[in-house]
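Examination of the molecular architecture
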Amino acid sequence: MFENETKQQAVKTILESVKEYYKKFMIKTEYKEGDRISYASRVFDEREMMNLVDASLEFWLTSGRYTEQFEKQLAEYLKVPFCSLVNSGSSANLVAFMALTSPLLNERAIKRGDEVITVACGFPTTVTPILNFGAIPVFVDVTIPQYNIDVTKLESALSSKTKAVMLAHTLGNPFDLQAVKNFCDKHNLWLIEDNCDALGSKYTIDGKEMYTGTVGDIGTSSFYPPHHMTMGEGGAVYTSNPLLHKIIRSFRDWGRDCICASGKDNCCGHRFDKQYGQLPLGYDHKYVYSHFGYNLKATDLQAAIGCAQLEKFPSFVEKRRYNWQYLYNGLKGLQTKLILPEPAENSKPSWFGFLITCKEDGLKQQLIKKLEENKIQTRALFAGNLIKHPCFDSIRNTDAYRVSGTLEITDRIMNNTFWIGVYPGMTDVMLNKMIKTIEENV
């Protein structure tokens, strides 16, 4: 008892020192003219640092109590029953897609050669798992100013091989979930929502307001530093389907059949008395594998940061909305030269960035040059048109992928669109600097 009390007091003393360290050395100074305005940045305080140190003192290192806490709290926030923490948003997309290849899904399992409808205007890791598995991405064009899939082209993209739709909500702006969900339901297709840039966005579907990522069969998130909340590295996969949850956990945890958490044994009570596959009767269930899986778990150090970030998360979302609207109001007088973004109908976005499409060819290059010279970071809409990148050189003009219709708007975005940030650490002074610089250079 005495030893335990002494340990607790030591931990308390260390954490108080961390708190003081943050206040003395880590609080950022106010933005001043000439400072760099990043498109995104971490927003944190002493709580994240204290949680991180607390987790490090336990030295459990792999998934543990903070992981369980984070999974529970994120699931509660999203109003879904199941959430699995992984080590990145890219891993989240990998696990989400691979879950749909499980033999446990019988005839609905995605097989090599099956097709998955997606877009080329986005981040590559929405598409990479499809290609790596040997399924065929079918690329459909997008729209401006929502920058999401053109749902009028879904039916023409459909074939007898189509098994799923896998799409991202672009920079926090939801795609037309009502139309996409109706299409998937009509044709018995899986729907994966890449929610990595949209955590906290809401969409009203069938009269019910839901968080994006929870409408489809599986949703994914990323906690890389620029994202809506951070763990440094990290991601999550969530679902309301208990079978998909079981499969997700298996693919995340080496492909194993066992459901025991790290450090726990025989939760099912049948570790040594069942027969699996062609293994001998009673083979140790902890080492039975039902899938060709991976180890994509996050550490408790990451989860500890995430738990503190979740406490602040609703305020992050509101500040992103405020900053986006501030930029929109400041730039709306320039719409003879610029196309400003618009939220999807029936949505309440949790914005990741502010997209701008230049109406004149060449204006994008002129604008981003001036913005960068004024220390204002800009970003392209990720790949622009993914199939034009070098990673496609080895499969170009093969049947490894298919384009449905044309990608005319995708190419326009590649050539004429960029975005600036709206992260919660931005101040009105920073936003005004961004507006003024654009006004002076269009």
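Keep in mind that what you see is a predicted model, and the values were worked out from it rather than measured.

1. Here we look at the sheet that holds strand β1 (residues 82-86)
Ordered in space as β1-β9-β8-β5-β4-β2-β3-β13, the eight strands form an open sheet in which the pairing is mixed. Whereas interior strands pair on both sides, the edge strands pair on one side only; in this sheet they are β1 and β13 (402-403). In terms of strand pairing, strand β2 (residues 115-119) meets strand β3 (residues 136-140) through five bridges, oriented parallel. Paired with Glu115 across the two strands is Ile136, which belongs to β3. Packed on one face of the sheet, helix α8 (residues 242-252) meets β1, β5 (190-194), β8 (218-222) and β9 (235-239) and runs near 15 degrees to β1.

2. Re the pairing of strand β4 (residues 162-168)
Most of β4 is tucked away, with six of its seven residues classed as buried. Where β2 lies against β4, three bridges are found, and the strand directions are parallel. Note that in β4 the partner of Glu115 across the bridge is Thr162. One ladder, built from five bridges, connects β4 with β5; its direction is parallel. Along β5, the bridge assignment pairs Leu167 with Glu193.

3. Quick word on helix α4 (residues 89-99)
Along α4, 10 of the 11 residues are buried, which leaves the element largely enclosed by surrounding structure. Along α4, the residues that are buried comprise Gly89, Ser91, Ala92, Asn93, Leu94, Val95, Ala96, Phe97, Met98 and Ala99. With a side-chain oxygen lying 3.4 Å from the backbone nitrogen of Ser90, the N-terminal cap of α4 falls on Ser88.

4. Digging into the packing of aromatic side chains
Any pair of aromatic rings gets described here by the distance separating the centres and the angle formed by the planes. Taken as a whole, this structure holds 17 aromatic pairs when the rule is applied. A ring pair is formed by Phe70 and Phe223, whose centres lie 5.4 Å apart and whose planes are at 80 degrees; its orientation type is edge-to-face. Note that Phe70 is positioned in helix α3 (residues 65-78) and Phe223 in the loop between β8 and β9, a separation of 153 residues in sequence. According to the relative accessible area criterion, Phe223 is buried, its value standing at 0%. Pairing Phe139 with Tyr401 gives two aromatic rings, centres 6.1 Å apart and planes at 65 degrees, and the pair type is edge-to-face. With Phe139 in strand β3 and Tyr401 in the loop between α10 (363-373) and β13, this pair connects stretches of sequence that are 262 residues apart. Residue classification places Phe139 among the buried positions, given a relative accessible area of 0%.

Rules of the game
- Along each chain, residue indices are assigned from 1 in the same order as the chain's sequence is written.
- Whole-chain, interface and lining totals are the exception, using all residues; otherwise, since this is a predicted model, local features are given only for residues with pLDDT of at least 70 and side-chain atom pairs are given and counted only at 80 or more.
- To get the side-chain values, take all heavy atoms of the structure and skip hydrogens and water.
- In this scheme, strands are said to pair when DSSP sees at least two bridges between them.
- A run of DSSP states H or I qualifies as a helix once it reaches four residues; a run of E qualifies as a strand once it reaches two. Both are numbered from the N-terminal end.
- For this analysis, residues touch if any pair of their heavy atoms sits within 4.5 Å.
- Each axis is a line fitted through C-alpha atoms, and for a helix only the stretch in contact is used; angles between axes span 0 to 180 degrees, taken between their N-to-C directions.
- The rule is simple: take the accessible area with a 1.4 Å probe, protein chains only, and divide by the maximum for that residue type; under 20% is buried, over 50% is exposed, in between is partly exposed.
- For the purposes of these results, a polar contact is taken to be a pair of N or O atoms within 3.5 Å, where, inside protein, one atom must be able to donate a hydrogen and its partner to accept one; residues adjacent in sequence count only when each atom of the pair is a side-chain atom.
- In summary, the pairing rule links any two rings of Phe, Tyr or Trp, Trp by its six-membered ring, whose centres are within 6.5 Å, and it sorts them by plane angle into stacked for under 30 degrees, edge-to-face for over 60 and tilted for everything else.

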